[in-house]
Amino acid sequence: MSNQKKRIFQIEAFQNRVVVDPKYAEKTWKILVHAIHEIYNHNASGLSFEELYRNAYNMVLHKFGEKLYSGLVTTMTAHLKEISKSIEAAQGNLFLEELNRKWNDHNKALQMIRDILMYMDRTYIPDTHKTPVHEPGLNLWRDNIIHSGKIQSRLLSTLLELVHRERTGEVIDRGLMRNIVKMLMDLGSSIYQEDFEKPFLEVSAEFYRGESQKFIECYDCGDYLKKAEIRLNEEIERVTHYLDAKSEGKITNVVEKEMIANHMMRLVHMENSGLVNMLLNDKHGDLGRMYNLFRRVPNGLAMIRDVMTSHLRETGKQLVTDAESLKDPVEYVQRLLDEKEKYDGIISLAFSNDKTFQNALNSSFEYFINLNSRSPEFISLFVDDKLRKGLKGVSEGDVEIILDKVMMIFRYLQEKDVFEKYYKQHLAKRLLSLIVKLKTACGYQYTSKLEGMFTDMKTSQDTMQGFCSSHPELTDGPTLVVQVLTTGSWPTQPSITCHLSFEMSALCEKFRSYYLGTHTDIKAIFGKGQKHELNVSTYQMCVLMLFNNADRLCYKEIEQGTAIPASDLKRCLQSMACVKGKNVLRKEPMSKDIGEDDSFFVNEKFASKFYKVKVGTVVAQKESEPEKQETRQRVEEDRKPQIEAAIVRIMKSRKVLDHNNIIAEVTKQLQSRFLANPTEIKKRIESLIEREFLERDNSDRKMYRYLA
């Protein structure tokens, strides 16, 4: 057969995947196995990987995939056995270095072999359900190296010895340790866990069991906790440097159990240095360390809390029943305040403001304060003493602090009415003492103004409660407290003007409208001479006053005479002419609604069994479309100064800011009140620029600068 015919036949065989002579496969395999040897012997530079890939490709294509796969396993196994001998022969510190070096060589070789056999991985492996080249490469390393009889136990003991040396203060090669541990992880998490982590945890438990026993015999509680804290941090650092991250929880649990959980009772009750000693001597550092360590173990914080509660209740009981302290009520309460401040500091500085500890503190104080039935009286005497003489030379802010502290103690009282009884007496004595002296010196007329001042204070308090109840929407904004004072009863103050912020100005206007709307009384005489005092709103008063000069008025006349907005006027007339029992006016024609053609006159037949009659205002009905538009327009106008104020606050703080960030920050600041429109924000920026609060950057038109 000619050479040309042979080539044609080979091409046809290739195309039809005809099985060729086994000698071809044997010859090709010899080329490949030679290449594998060269790779493991570090002579891969002279190889043609393209040609080797083509040879492996042809073997798979010609149905010799099994020969290629099994031959690879056999060849790789032989090399790994030789590598195993090399590692076994390494002495001392060279053992891990040799293992790490050979592992790196094996990984590089495995990568090159995988590239050569890529076609086999893509076609033959899936068809035969075998594992890809890389996986058997790892498994063979595991079986022939890591689980070798002469390497496995030696590797474990070497690793554990290095950890022990590091725990006892020696410096080890953490990089080498990290590489070896990573090798175990690469072989599979189960290999890492079984071959290293499990025995590592067992040895660690034994180590810390012995060390904790030695420490607790030699150190006091504070020093022992410092040692435990150091050991815990060392183990966390060890994991960070060369162990698997999942080992952190396991090894910290070992330290926590052996050094903390197993010795909690002894540590807490350690004589002259335990928890009670720390509390007595305000050892915040030791207390914080105990809290942070005990919180890591079951029931740790409960033990601290129970011991603290028991100690606090016992000392508190001694305080409130001590015969000496009962002789001086002021000193009695001061000691309570000092004790409260002490434990507030401990909970804040050492116990992370733990709510359960705060609750235990409150419960303890409530327990022992109420053991003494005179506690309400003593607290009242303390306040009376401070207000009489104890606050001389103390600033107003310090006065508030002292009174706030007293109120904390007051809240623990179960018999607050007893305190009230005593405090009324003490307050009355203070006031009467002063008023009697003033009346003796200056006469009755002088003290009548003082008495009027107290009346105003009570009336103002009631007024503010009513205002807050009628405007629940104001709870999120600024807080307004108004004192309404009777002219002549109070010292005259100079009239000083100032510009209030928009928020405060609007709030003051709301209160003004509320007060005027609820504090207008007028006297009226109806038919048969029946007299009544009517409590009406300002608008109602304006309408009724018109009837002093007219017997009958039409709607248009009332509207023209009062200039009250139409919607408010209709509600005002409806409340006085259409509500049974309050209809001081009558209207024609009779109906429930108010029309512009209606006429009104005084109801001569109005009668009530009460002299004082409160005429309410009908609740506003749904707004008409024009009213809605008007309301919306007022809202938008009200928002403008709020947006400008937000822009100024932001720019005053930031000095320079771009347009998009201003939009974002203004929106964030105002979102609790409303969602600001970006277009409106832009308009407000332009307005502020015109008024020279801001200016544009010369080089960037979207950047703004604040002008101080």
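This section reports on the structure supplied with the text. These figures come from a predicted structure and were not determined experimentally. (Residues numbered from 1 in each chain as written. Predicted model: local features only at pLDDT ≥ 70, side-chain atom pairs only at ≥ 80, totals over all residues. Heavy atoms only, no water.)

## Focus: empty space enclosed by the protein
Tallied over the full model, the rule gives two cavities of 30 Å³ or more. Volume-wise, the largest cavity comes out at about 60 Å³. Every residue along the wall of the largest cavity is listed here: Trp29, Leu32, Ala35, Ile36, Ile39, Leu68, Ile113, Ile116 and Leu117. In terms of residue count, helix H2 (residues 22-40) provides more of the lining of the largest cavity than any other element does, five residues in total. (1 Å grid on protein atoms, 1.4 Å probe; cavity = no way out; pocket = protein on both sides within 12 Å on 5 of 7 lines; lining within 4 Å. Points joined across faces, edges and corners; volume = space filled by probe spheres on them. Helix = DSSP H or I, 4+ residues; strand = E, 2+ residues; numbered from the N terminus.)

## Things to note about the layout of surface pockets
In this model, the second largest pocket occupies a volume close to 300 Å³. Forming the walls of the second largest pocket are 16 residues, and the residues nearest its centre are Ala524, Leu544, Phe547, Asn548 and Val602. Broken down by secondary-structure element, the contributors of at least two residues to the lining of the second largest pocket are strand E1 (520-525) and helix H25 (538-546). Here the lining of the second largest pocket takes four residues from E1, the largest share from any one element. Taken together, the residues that form the lining of the second largest pocket break down as 12 nonpolar, one polar and three charged. (Nonpolar A, V, L, I, M, F, W, Y, C, P; charged D, E, K, R; others polar.)

## Details of the state of the cysteines
Inspection of every chain in the model, using the stated rule, returns zero disulfides. Just so you know, Cys572 is unpaired, no disulfide at all, and the nearest cysteine sulfur is the one on Cys542, 8.3 Å from it. In this structure Cys572 comes out as buried when scored by relative accessible area, which is 3%. (Disulfide = S-S within 2.5 Å. Buried < 20%, exposed > 50% of the residue type's maximum accessible area, 1.4 Å probe, protein only.)

## Side note on the environment of Ser153
With respect to the helices, strands and loops of the structure, Ser153 is situated in helix H8 (residues 152-167). The exposure class of Ser153 is exposed, given its relative accessible area of 52%. Along the sequence, Ser153 and Asp195 sit 42 residues apart, while their C-alpha atoms lie 8.9 Å from each other.

## Observations regarding the packing of aromatic side chains
Throughout the structure, instances matching the rule amount to 14 aromatic pairs. Each ring, one from Tyr57 and one from Tyr119, has its centre 4.3 Å from the other, and the planes form 50°; the classification is tilted. In this pair, Tyr57 sits in helix H3 (residues 49-61) while Tyr119 sits in helix H6 (residues 118-128), placing the two residues 62 residues apart along the sequence. On the accessibility criterion, Tyr57 (26% relative accessible area) is partly exposed. Judged by its relative accessible area of 12%, Tyr119 falls in the buried class. Seen from their ring centres, Tyr291 and Phe357 are 5.7 Å apart, and the 70° between their planes marks the pair as edge-to-face. Placement of Tyr291 in helix H15 (residues 284-294) and of Phe357 in helix H19 (residues 355-369) is noted, with a sequence separation of 66 residues between them. (Phe/Tyr/Trp six-rings, centres within 6.5 Å; stacked < 30°, edge-to-face > 60°.)

Interpretation note: all reported values are geometric properties and have no functional meaning in isolation.
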